[in-house]
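Below, each chain spelled out in residue letters.
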Amino acid sequence: MLADANAGSEQAPFRQRLSSSKRRAAIVATAVDLFARNGFRGTTTRELASAVGVSEPVLYQHFATKRELYTAIVEQMVAQASAAFDQSMCCLKEDCDDRTFFQRLGEIVLNWYLDESRHIRLLLFSALEGHDLADLWHQRATVQFLSFVESHVARRQSEGTFRPGSASLAARAFLGMVCQFGQVWTFYENPAPGLSREEIIGQFVDYFLNGVRRPAAEGEQQ
């Protein structure tokens, strides 16, 4: 079963007949909306089928198990995130300066939090309720994204520009600032007053690359 629903099913009101692929896409889109609003346990197959405009048996024809539906949702999320990532990062050359690299990277992450808040809620519900979607997302997207950032940090470490240490921790340090800020903004509507998204990321990049201490004047002891 996709969720805890009653065994019976009722035919949903007639709606325009869609092709199998379009119907499947409609189910995924509706599932994202309902799961993000009510959680996985709070959404029944009857509610999902009704919102899509099909009966529960028709729903099962497209997705026989929850994992099939979760996989389709993750594939959609990965495709959307990858498109945004590729569009924003494709113009960056491998040897671009660090400030440009992390500025563009941070904007992608923050925009994803603020413009795709349904996906954030979906992943949090999944983690809290013990569903597979969070693990699927981690396998399909998070690991690859972290590896991309780590490879940049590791390369700069090998060139002597970044201090030695764990490239993984350094990558997570930067992403952690942006992700935590994105969550606070999304769930508590608490943005930084008077700052644009670009300015916010610019300050995070500065803190990451230079630290928060002011440079010591010549002869001044820190």
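The sections below set out a description of the structure shown in this document. This one's a predicted model, so the numbers in the text were calculated from it and none came from an experiment. (Residues numbered from 1 in each chain as written. Predicted model: local features only at pLDDT ≥ 70, side-chain atom pairs only at ≥ 80, totals over all residues. Heavy atoms only, no water.)

1. Overview of the packing of aromatic side chains
Phase 1: For the structure shown, the criterion picks out twelve aromatic pairs.
Phase 2: Judged by centre distance (5.0 Å) and plane angle (70°), the rings of Phe102 and Phe174 are edge-to-face. Residue Phe102 is found in helix H5 (residues 98-115), and its partner Phe174 is found in helix H8 (residues 167-188); the two are separated by 72 residues along the sequence.
Phase 3: Residue Phe102 is classed as buried on the basis of its relative accessible area of 0%.
Phase 4: Phe174 sits in the buried class, given a relative accessible area of 0%.
Phase 5: Every member of this aromatic cluster is reached through a ring pair, and the members are Phe101, Phe102, Phe148, Phe162, Phe174 and Phe208. (Phe/Tyr/Trp six-rings, centres within 6.5 Å; stacked < 30°, edge-to-face > 60°. Helix = DSSP H or I, 4+ residues; strand = E, 2+ residues; numbered from the N terminus. Buried < 20%, exposed > 50% of the residue type's maximum accessible area, 1.4 Å probe, protein only.)

2. What about the packing of helix H1 (residues 20-38) against helix H6 (residues 117-129)?
Phase 1: The contact between H1 and H6 brings their axes to 8 Å, and the two run at 65°. Note on packing geometry: the crossing formed by H1 with H6 is left-handed. In this structure, H1 contributes Ala29, Val32, Asp33, Phe35, Ala36, Arg37 and Asn38 to the contact, and H6 contributes Arg118, His119, Arg121, Leu122 and Phe125.
Phase 2: Across the contact of H1 with H6, the residue classes break down as six nonpolar, two polar and four charged. (Axes fitted to C-alpha atoms, helices over the stretch in contact; angles between N-to-C directions. Left-handed = near helix turned anticlockwise from the far one by under 90°. Contact = heavy atoms within 4.5 Å. Nonpolar A, V, L, I, M, F, W, Y, C, P; charged D, E, K, R; others polar.)

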